[in-house]
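Here is what each chain is made of, one letter per residue.
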Amino acid sequence: MTQRQLLVSLAGRIVPESASMAGSPRAQMLSLIDEALAARPPVMRRQFGLFLIVLRWAPLLRYLRPLDRLDPRRQDAALRWFQDCPIQAVRSGFWGVRTLIFIGYYGRPDVGRDLAYVPAADGNAVLHARSRR
Amino acid sequence: MLDRDADIVIIGSGAGGGTAANALAPLCRDGARTVVLEEGPKFREDEFTGREVEMAKRLYVDEGGFLTEDRAMTIAFGRAYGGSTVVYTGTSLTVTEPTVRRWGVPGLSHEDILRRSQKYLEENHVHLLTPADINDNNRLFEEGCRRLGYRVAQFPLNLRGCRGAGLCNLGCPNGAKMGTHRVQLPEAERQGVAVVTNCRVDRIEERAVVATVTERGFGERSAWAPGEYRIRAKAIVVAGGAIGSPALLLRSALAARLPALGRYLTCHPALILVAQHERPITNYHGHPKSYYCDHFADSDGFLLESCMYFPFTTAKSLTGFGAEHSRMMSAMDRLQMILVLAIDPAEAENRVMADAQGRPVVRYAIADGVRRSLVAAMRASARVFFAAGATRVHAPASSRFFIEAADADRVDERIPFDGLTLGKVTISSAHPMGGCRMGATPADSVTDAWGQVHGLPWLFVADASLFPRCAEINPYVTIMALADRVAERVRREWPHLRANAS
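Residues numbered from 1 in each chain as written. Chains lettered and ligands numbered in written order. Predicted model: local features only at pLDDT ≥ 70, side-chain atom pairs only at ≥ 80, totals over all residues.

So, about the interface of chain B and chain A. In this assembly, 39 residues from chain B lie in contact with 38 residues from chain A. Those elements giving two or more residues to the side of chain B that touches chain A turn out to be helix 2 (52-59), helix 9 (311-317) and helix 10 (323-329) of chain B. With four residues, the top contributor of residues to the side of chain B that touches chain A is helix 9 of chain B. Its residues assigned to classes, the side of chain B that touches chain A shows 16 nonpolar, 13 polar and 10 charged. (Contact = placed C-beta atoms within 7 Å. Helix = DSSP H or I, 4+ residues; strand = E, 2+ residues; numbered from the N terminus. Nonpolar A, V, L, I, M, F, W, Y, C, P; charged D, E, K, R; others polar.)

Counting 206 residues, the largest nonpolar core has B:Val237 and B:Val340 as the members making the most contacts within it. Residue assignment places this core across two domains, with domain 1 (2-125 + 167-265 + 449-501) and domain 2 (131-155 + 270-343 + 367-421) of chain B each supplying three or more. (Core = buried A, V, L, I, M, F, W, Y, C linked by C-beta atoms within 7 Å. Buried ≥ 20, exposed ≤ 12 C-beta atoms within 10 Å, placed from the backbone. Domains from an automatic or database assignment.)

Looking now at helix 5 (residues 72-84) of chain A. All names here are of chain A. Taking 1.5 Å of rise per residue, the 13 residues of helix 5 would be expected to cover 18 Å, and the 18 Å separating its terminal C-alpha atoms lies within 8% of that figure. For helix 5, the complete set of buried residues consists of Gln 75, Ala 78, Leu 79 and Phe 82. Take helix 5 and look down its axis: the buried residues cluster within an arc of 95°, on one side only. Considering only its buried residues, helix 5 is in contact with helix 1 (3-14), helix 3 (42-57), helix 4 (59-63) and helix 6 (88-106). (Expected span 1.5 Å × (residues − 1). Arc of directions from axis to C-beta.)

A separate point is the sheet that holds strand 9 (residues 194-196) of chain B. All names here are of chain B. Pairing is parallel across the open sheet formed by five strands, whose spatial order is 9-3-2-13-23. Strand pairing shows two members of the sheet lacking a second neighbour, strand 9 and strand 23 (459-461), which therefore form its edges. Geometrically, the sheet is characterised by an average inter-axis angle of 20° between neighbouring strands, direction not taken into account. Where strand 2 (residues 8-11) and strand 3 (residues 34-37) come together, four bridges link them in parallel fashion. Pairing of Val 9 across the sheet is with Val 35, part of strand 3. Where helix 1 (residues 15-24) meets the sheet, its contacts fall on strand 2, strand 3 and strand 13 (235-238), and the angle it forms with strand 2 comes to roughly 160°. Most of the contacts of helix 13 (residues 476-501) go to strand 13, to which it runs at about 165°, and overall it touches strand 2, strand 13 and strand 23. (Pairing = 2+ DSSP bridges. Axes fitted to C-alpha atoms, helices over the stretch in contact; angles between N-to-C directions.)

Bringing the sheet that holds strand 10 (residues 199-205) of chain B into the picture now. Residues and elements named next belong to chain B. The sheet built from four strands is open, its strands ordered 1-12-11-10 with mixed pairing. Strands at the two margins of the open sheet, each flanked by one partner only, are strand 1 (2-5) and strand 10. This sheet shows a mean twist of 25° between the axes of neighbouring strands, independent of strand direction.

Structure representation (structure tokens):
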């Protein structure tokens, strides 16, 4: 499994809506993740790649399977373990993965429509119109 | 390397550098060649698209997510013609007398800062929004605070022609925010100051600056062609912000003579809390930040501010993931938000360093007192949300994703002190301060009370890095006041600086 495939699989647990994404939205999400990663120093990118390997294989110790072969409930339990891990570096690593997936999903320019978030250059006009209702 | 000659070089064009540029511009009439070197570009009006990730990438260092060394906190600071004034919300408060007393800088009085601050409040068209321009998100914050008896006040804002796009932190698409990019820099240029954008200063040498100009593919072209430059100057004013300025001075091998360099960094560590209302409210239309609550500043060390953020920033600020997280995100028009800021102590160990490549590294430990303040702030915010009618609250340190309104009287229990887990909870800062603090001696400070670097009469600092401790309020007006003071010193010293250099 490539790093990208693992990220896509993780994205489905972090943002469930992303699991059903295909075509252009999915490509957009991955492109944003790639760009965000590329902007970080090489050492951080290496650490990220290493952390993904740990994330994938650590569940083997408890469930005898890598993360991507677990059922969704167990995947979530494993991810929560990383999120709440007693070791700060592990929590930070998971925070980084989560943040990257969020940047991919919620950073898409047209995501606002799905979130009831549609800002306007003349927001006050909308505001005033609503207050008159 | 190309050589350039100037008289005064100002590094940075934000609240500090932009102010210094305009305050020093009158010297151009006497022939002083003044150059501002800004790392970021000058954006064209049509480039403020409001698209979150695109603008964050272009406007902020590390997309606004500059990580501390232990990765427990991110720091946001801008990089553009106008620096962070392009991306702030324009909240214009003046520093209080007790804060300046706590700073304890001999020769620096509150009266002096206040007088200068007033000048910039006028220059930047600071005023209060009318009630018609205040959206539900802000109004509910104010109502919630009042119902609880918390002291709450309206933010004075530096706007002209605000149309309520709500995109202040991504650069105003309507050009309404009166940052240095709108007010001080254009005026300075009119008087003869040259501004060179896309110009990163690599190091400072004896009365000279080594810098590199690059093109970024967006924004206006730099006034200078891409390449490496050595710019000789008779006076150098460093205003690269509380991360950039100490890192630059460290790259310039000044640490040996200035043991306090980079130290005593403070940053108002902050969290975002989000509540859900039963029905849609107006939140992303209108100015995002109209009120603040300083009720607990003295007793518990925190401030609350109304706020509204964009999808990615909001998603990142919520703790957790999965279905609950998605449900909350799926109805952003029902969200009310509060930003909590801790008033953090100035500790020598909290510092800016430079790595082997000269890039800034921030070592910052979140003190136990700051953690207590943040948890107390989350509890107070949850009460404000419920007092304002929210049905459920997400507090990052809560033991559950949601605190339901039925549990409004159990907020303390739901937000335990040990719930603030570093590395799990998103903690961010947009107010880095210190690192080149003012003071009396080189042992515990970098500059004197007028921003002159100890022992180097030609080198000055004029930005938030001067703060000896945190500002305890949104700091930009105070930065401008201090930069104005530094510029006055440079003007006063100018005949000597010019004579000594020649």
